Amino acid sequence: MADAFDGFRVGAGYAVVEPDRHRPGSFTLVVDGTPQSHVDLEDPTHLAFEYIRRIGHAIDLLPPGPVTALHLGAGALTLPRYVAVTRPGSRQQVIELERDLVDHVRDALPFPRGASIRVRYGDAREMLEKLPAGLRGTVDLAVVDVFSGARTPAHVTSVEFYRSVASFLSPTGLVAVNVADGAGLAFARGQAATLQSVLPAVAAVADTGMLKGRRFGNIVLLGSPGELPIADMPRRYSSDPLPSKVVHGDELRSFIAGAPIVTDTTAVGSPEPNRSVFGA
């Protein structure tokens, strides 16, 4: 295992894998001062970041057994590790722009034994068009967590992009999108409107303070060409260490509140967070 304190270049930025002072055997990937991922090598089912746990809860509500998963954005591959351990036999594809990032992470934080995780390198949107044709219509789980530094690039926020992602989902597949936003939630509302224009079943999950636009944070959008397990979600999310609310149906339409659908022409990146957001 590589020295976790060795920093390395990621594109034009700088990254380091730091030990978690509060949980032995755990590490945080930090890129340009922004915590990107947390990994517990001794227990990959431990999900420290609240938005990652929200995606993890959604994964747990999928039908039992192995899944075919597609992850856009790697970080320290926290969720691929989680799927590998909780759903043995799953086949997973990961798309990541930065090869050096994954090489260092895999050296410092090895994958769980027996994990079937294939990593492809390149821009998330461009690489979707290069995936095997046989993968279309077969994906049970797609995770969209693409960041450049602390922002989501504009080209992975549009209706054209979400249509491409949706084309890989099975009829009962699930897509989970990590959306970072701040006061007013204009970006998150636009992303919800855009995803809902592509998939018939959409929900948003976040804590109530975040949903009221009181602070910068993360909202997880869930979508499916079939049905979401809405009935099982409130209990699952309310029992989390940081409880969150599931917004869907009429409440989601009120949340969107007429936000325009984002296109390639109108797309912008997510807001830049204040550096104090990561001060803790």
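Look above for the structure.
Given the structure is predicted, the values throughout are model-derived calculations rather than measurements.

## Digging into the sheet that holds strand β10 (residues 201-206)
In sheet architecture, strand pairing relies on hydrogen bonds along the backbone and comes in two forms, parallel and antiparallel.
Phase 1 of the analysis: The sheet built from eight strands is open, its strands ordered β7-β6-β5-β8-β9-β11-β10-β12 with mixed pairing. The open sheet is flanked by β7 (117-121) and β12 (245-247), the only strands paired with a single partner. Neighbour to neighbour, the strand axes of the sheet diverge by 20° on average, direction disregarded.
Phase 2 of the analysis: For β10 and β12, the ladder comprises three bridges, and the chain directions are antiparallel.

## Considering the packing of aromatic side chains
Phase 1 of the analysis: Enumeration according to the criterion identifies one aromatic pair in this entry.
Phase 2 of the analysis: Ring geometry for phenylalanine 161 versus tyrosine 162: centroids 5.4 Å apart, planes at 55°, classification tilted.
Phase 3 of the analysis: The class for phenylalanine 161 is buried, based on a relative accessible area of 0%.
Phase 4 of the analysis: Here the basic side chain of arginine 189 rests over the ring of phenylalanine 255, its NZ or CZ set 4.8 Å away from the ring centre.

## Let's talk about the packing of helix α1 (residues 50-60) against helix α2 (residues 78-86)
Phase 1 of the analysis: Where α1 meets α2, the closest approach of the two axes is 11 Å, and the angle between their N-to-C directions is 30°. Taken together, the axis directions place α1 and α2 in an arrangement best described as roughly parallel. Our pair here, α1 against α2, has a crossing hand that is right-handed. The residues of α2 that touch α1, namely those facing Ile52, Ile55, Gly56, Ile59 and Asp60, are Thr78, Leu79, Tyr82 and Val83.
Phase 2 of the analysis: By residue class, the composition of the contact of α1 with α2 is six nonpolar, two polar and one charged.

## Comments concerning the environment of leucine 109
Phase 1 of the analysis: By the secondary structure assignment, leucine 109 is in the loop between α3 (99-108) and β7.
Phase 2 of the analysis: Put simply, leucine 109 and phenylalanine 27 are 82 residues apart on the chain and 8.3 Å apart in space, counted from C-alpha to C-alpha.
Phase 3 of the analysis: With near-sequence residues (within four places) excluded, leucine 109 lies in contact with Val17, Phe27, Val39, Leu41, Ala76 and Arg81.

## Observations concerning empty space enclosed by the protein
Over the atoms, a rolling probe the size of a water molecule traces out where space has been left empty.
Phase 1 of the analysis: Scanning all chains against the criterion turns up two cavities of 30 Å³ or more.
Phase 2 of the analysis: What lines the largest cavity is simply Val144, Asp145, Val146, Thr152, Val156, Thr157, Tyr162, Val177, Asn178, Val179, Phe187 and Gln191.
Phase 3 of the analysis: If you list the elements that add at least two residues to the lining of the largest cavity, you get β9 (169-181) and α6 (186-196).
Phase 4 of the analysis: Looking at which element gives the most residues to the lining of the largest cavity, the answer is β9, with three residues.
Phase 5 of the analysis: Among the residues forming the lining of the largest cavity, the class breakdown is seven nonpolar, four polar and one charged.
Phase 6 of the analysis: Taken as a whole, the second largest cavity spans an internal volume of roughly 30 Å³.
Phase 7 of the analysis: In this structure, the second largest cavity is lined by His38, Val39, Asp40, Pro44, His46, Leu47, Thr78 and Arg81.
Phase 8 of the analysis: Secondary structure elements with two or more residues in the lining of the second largest cavity: β4 (34-40) and α2.
Phase 9 of the analysis: Each residue belonging to the lining of the second largest cavity can be placed in one class, and the counts come to three nonpolar, three polar and two charged.

## Notes on the pairing of strand β6 (residues 91-96)
Phase 1 of the analysis: With five of six residues buried, β6 is to be regarded as a mostly interior element.
Phase 2 of the analysis: Pairing geometry for strand β5 (residues 68-72) and β6, over five bridges, is parallel. Pairing of threonine 68 across the sheet is with arginine 91, part of β6.
Phase 3 of the analysis: Read from β5 through α2 to β6, the crossover connection turns out right-handed.

## A look at the environment of threonine 265
Phase 1 of the analysis: Topologically, threonine 265 is positioned in the segment after α9 (249-256).
Phase 2 of the analysis: With 110 residues separating them in the primary sequence, threonine 265 and histidine 155 have C-alpha atoms 9.5 Å apart.

Basis of the calculations
Residues numbered from 1 in each chain as written. Predicted model: local features only at pLDDT ≥ 70, side-chain atom pairs only at ≥ 80, totals over all residues. Heavy atoms only, no water. Pairing = 2+ DSSP bridges. Helix = DSSP H or I, 4+ residues; strand = E, 2+ residues; numbered from the N terminus. Axes fitted to C-alpha atoms, helices over the stretch in contact; angles between N-to-C directions. Phe/Tyr/Trp six-rings, centres within 6.5 Å; stacked < 30°, edge-to-face > 60°. Buried < 20%, exposed > 50% of the residue type's maximum accessible area, 1.4 Å probe, protein only. Lys NZ or Arg CZ within 6 Å of the ring centre and 35° of its normal. Parallel < 35°, antiparallel > 145°, perpendicular 65-115°, else oblique. Left-handed = near helix turned anticlockwise from the far one by under 90°. Contact = heavy atoms within 4.5 Å. Nonpolar A, V, L, I, M, F, W, Y, C, P; charged D, E, K, R; others polar. 1 Å grid on protein atoms, 1.4 Å probe; cavity = no way out; pocket = protein on both sides within 12 Å on 5 of 7 lines; lining within 4 Å. Points joined across faces, edges and corners; volume = space filled by probe spheres on them. Right-handed = clockwise from strand over helix to strand, strands pointing away.

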